[in-house]
Amino acid sequence: MTIIVTCIAPVNIAVIKYWGKRDEDLILPLNSSISTTLSTKQMRTTTSIMKSPDFKSDRLWLNGKEEPLNHPRIQRCLKAIRERAREQGKFEDKCKLHICSENNFPTAAGLASSAAGYACLVYTLAKLYGVEGDVSDIARQGSGSACRSLLGGFVQWSRGSNSNGSDSVASQLYQADHWPSLKVIILVVSDHKKKVSSTGGMQRSVETSELLKYRVKHCVPANIEAISLALKVRDFDKFAEITMRDSNQFHAVAMDTYPPAVYMSDVSHAIVNFVHEYNAACGTTKVAYTFDAGPNAVLYVQEDDVPLVAAMIQHVFPPLPTTKQQFISIPMKPAVLPEDLKTSFPPHEPGMLKYCMYTEIGSGPSQLTDPDCHLLLPDGNPKKIAS
């Protein structure tokens, strides 16, 4: 019998970064990490999986392009889900699979596309095979941070201590509605694939960076404890400081790597300078930044401050005259910039940002029930093919 399941999964952004593995095969991290799950309304991976006795072989399409399905991490996830299904007494036939996955945001540009992608793959496979319970340990074997995208709100991925990785799983610290006033603005500096992959950069850092060793032993445990408390009491000042310091240290580790793994650009550094100067001008912390392994900035802002911050971004980083829409946004109140801020913050040259996205903390993956949402046609071929 032919069956199709379609699901969506969110992006997650780490505020305490995971960087470096102690086991490459099982993807076991050197340190624990904490992330925020972003709303699927703006950023998501959609995956459709169809199994049918008519299919001759397993096939995979990513963003409209057919890709080989023999990647070790994909095969590891498929094998683990099928083993879990057998353990739970679920019927598993010999049907082949057609898998189609799409991101509605830049891939491999430092916006956690692999996390959303593998989380969506594993979640959809679990639904297809009827697997119950936590599958974050399986998602982790595809992409480490994918385990965090299986949960909404504020999530911790524990380092664990077991050699088989059984205790290196994700757990929800707080649900998405724990801090409703905390909002997110993403500044897309580049939507191109980064030169140094996260996997390659991590391996190089583990081999060469002395700062990474110090960070793992001395800094991350203290940051985990401190930011967990800040999240509990919704202390934005403390949350912002720890988030920015951790981001800075992560990129310092990338630069301490030999040869260096350079992820931030001149525009990234201009954003960092803007945030610190804007906070100083306000006399209090209004904005926090974090950068994953890429040049794009993720800003955390309290809801009441969003209109003015968004107006400042559009003033300091103006779009090209031909840009139709700089902000992709959930509803936002407009703001008029005071003249003193305009004078104090002269604009950069237009076009330094590709676009901006205003979003919020969101929930974990979900299954779509509308047949129109399927990415595969009834014959198992994708609806969209990349040109």
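The coordinates are above.
Quantities reported herein were computed from a predicted structural model and do not represent experimental measurements.

1. Remarks on the overall build of the protein chain
The helix and strand inventory of the protein chain stands at nine helices and 17 strands. The C-alpha atoms of the protein chain give a radius of gyration of 21 Å, which matches the 21 Å a tight globule of 387 residues would have. Taken over the C-alpha atoms alone, the protein chain extends approximately 70 × 45 × 40 Å along its principal axes. Every one of the 387 residues in the protein chain was classed for burial, and the buried ones make up 55%. Accessible area of the protein chain: about 17,200 Å², with a carbon and sulfur share of 51%.

2. Some thoughts on the packing of aromatic side chains
Each aromatic ring pair is summarised here by two numbers: the centre-to-centre distance and the angle between the ring planes. Enumeration over the complete set of coordinates arrives at 11 aromatic pairs. Aromatic side chains Phe239 and Tyr300 sit 5.3 Å apart centroid to centroid with 85 degrees between the ring planes, which places their arrangement in the edge-to-face category. Pair noted here: Phe239 is in helix H6 (residues 236-256) and Tyr300 is in strand E14 (residues 297-302), with a separation of 61 residues, a long-range link. This pair shows no difference in class: Phe239 is buried, exactly as Tyr300 is.

3. Topic: unusual backbone geometry
Cis geometry is adopted by the peptide bond preceding Pro259, which originates at Tyr258 and carries an omega value of -10 degrees. Within the secondary structure layout, Pro259 lies in the loop between H6 and helix H7 (266-282). Not every positive phi belongs to a glycine, and Asn63 is a case in point at roughly 50 degrees. The phi torsion at Arg234 lies on the positive side, around 55 degrees, for a residue other than glycine. Looking at the element boundaries, Arg234 is found in the loop between helix H5 (210-233) and H6. Arg234 gets classed as partly exposed once you look at its relative accessible area, which sits at 42%.

4. Focus on the pattern of salt bridges
A complete count under the given rule lists 13 salt bridges for this structure. Residue Lys21 pairs with Glu24 through a salt bridge whose shortest N-O separation is 3.8 Å. A salt bridge links Lys238 to Glu241; its shortest N-O distance comes to 3.9 Å. Of this pair, Lys238 and Glu241 both sit in helix H6, three residues apart, which is roughly one turn of the helix. Among the ionic contacts, a cluster of salt bridges with common partners joins Arg84, Glu87 and Asp137.

5. Here's the deal with the pairing of strand E6 (residues 44-52)
In terms of burial, E6 is largely enclosed, as eight of its nine residues are buried. Note: strand E1 (residues 3-10) against E6, eight bridges, orientation antiparallel. Paired with Pro10 across the bridge in E6 is Arg44. Of the strand pairs in this sheet, E6 and strand E9 (residues 96-103) are connected by eight bridges, and their pairing is antiparallel. Note that in E9 the partner of Thr46 across the bridge is Glu102.

6. Some words on helix H4 (residues 198-208)
Among the residues making up H4, those that are buried are Gly201, Met202 and Ser205. Looking straight down H4, one finds its buried side chains confined to an arc of 100 degrees; they lie on one side. Of the surrounding secondary structure, the elements contacted by the buried residues of H4 are strand E3 (21-23), H5 and H6.

7. Topic: the packing of helix H1 (residues 72-87) against helix H2 (residues 113-129)
Packed helix pairs are characterised by how far apart their axes lie and by the angle those axes make with each other. At their nearest, the axes of H1 and H2 sit 10 Å apart, and the two run at 30 degrees to each other. As summarised for this structure, H1 and H2 are arranged roughly parallel, according to the angle between their axes. In this structure, H1 crosses over H2, and the sense of that crossing is right-handed. Facing H1, whose interface residues are Arg73, Ile74, Cys77, Leu78, Ile81, Arg82 and Ala85, H2 presents Tyr118, Leu121, Val122, Leu125, Ala126 and Tyr129. Its residues assigned to classes, the contact of H1 with H2 comprises 11 nonpolar, no polar and two charged.

8. Examining the sheet that holds strand E7 (residues 59-62)
Reading across the sheet, the six strands line up as E8-E7-E9-E6-E1-E17 and stay open at both edges, with mixed pairing between neighbours. The sheet is open, and its two borders are formed by strand E8 (65-67) and strand E17 (366-368), each paired with just one other strand. The average undirected angle you get between the axes of adjacent strands in this sheet is 25 degrees. Pairing geometry for E1 and E17, over three bridges, is antiparallel. Bridge pairing in E17 links Cys7 to Gln367. Its contacts with the sheet put H2 on E1, E6, E9 and E17, and the angle it makes with E6 is roughly 35 degrees.

9. Let's talk about the side chain of Ser145
With respect to the element layout, Ser145 can be found in the loop between helix H3 (136-140) and strand E10 (154-157). Excluding its chain neighbours within four sequence positions, the residues that come into contact with Ser145 are Asn12, Tyr18, Ala115 and Trp157.

10. Looking at helix H8 (residues 306-316)
Where burial is concerned, most of H8 is hidden: nine out of the 11 residues are buried. Within the span of H8, buried status applies to Val306, Pro307, Val309, Ala310, Ala311, Met312, Ile313, His315 and Val316.

Basis of the calculations
Residues numbered from 1 in each chain as written. Predicted model: local features only at pLDDT ≥ 70, side-chain atom pairs only at ≥ 80, totals over all residues. Heavy atoms only, no water. Helix = DSSP H or I, 4+ residues; strand = E, 2+ residues; numbered from the N terminus. Rg over C-alpha atoms; globule rule 2.2 N^0.38 Å. Buried < 20%, exposed > 50% of the residue type's maximum accessible area, 1.4 Å probe, protein only. Areas by Shrake-Rupley, 256 points an atom, 1.4 Å probe, with all protein chains shown as cover. Phe/Tyr/Trp six-rings, centres within 6.5 Å; stacked < 30°, edge-to-face > 60°. Salt bridge = Lys/Arg side-chain N within 4 Å of Asp/Glu carboxyl O. Pairing = 2+ DSSP bridges. Arc of directions from axis to C-beta. Contact = heavy atoms within 4.5 Å. Axes fitted to C-alpha atoms, helices over the stretch in contact; angles between N-to-C directions. Parallel < 35°, antiparallel > 145°, perpendicular 65-115°, else oblique. Left-handed = near helix turned anticlockwise from the far one by under 90°. Nonpolar A, V, L, I, M, F, W, Y, C, P; charged D, E, K, R; others polar.

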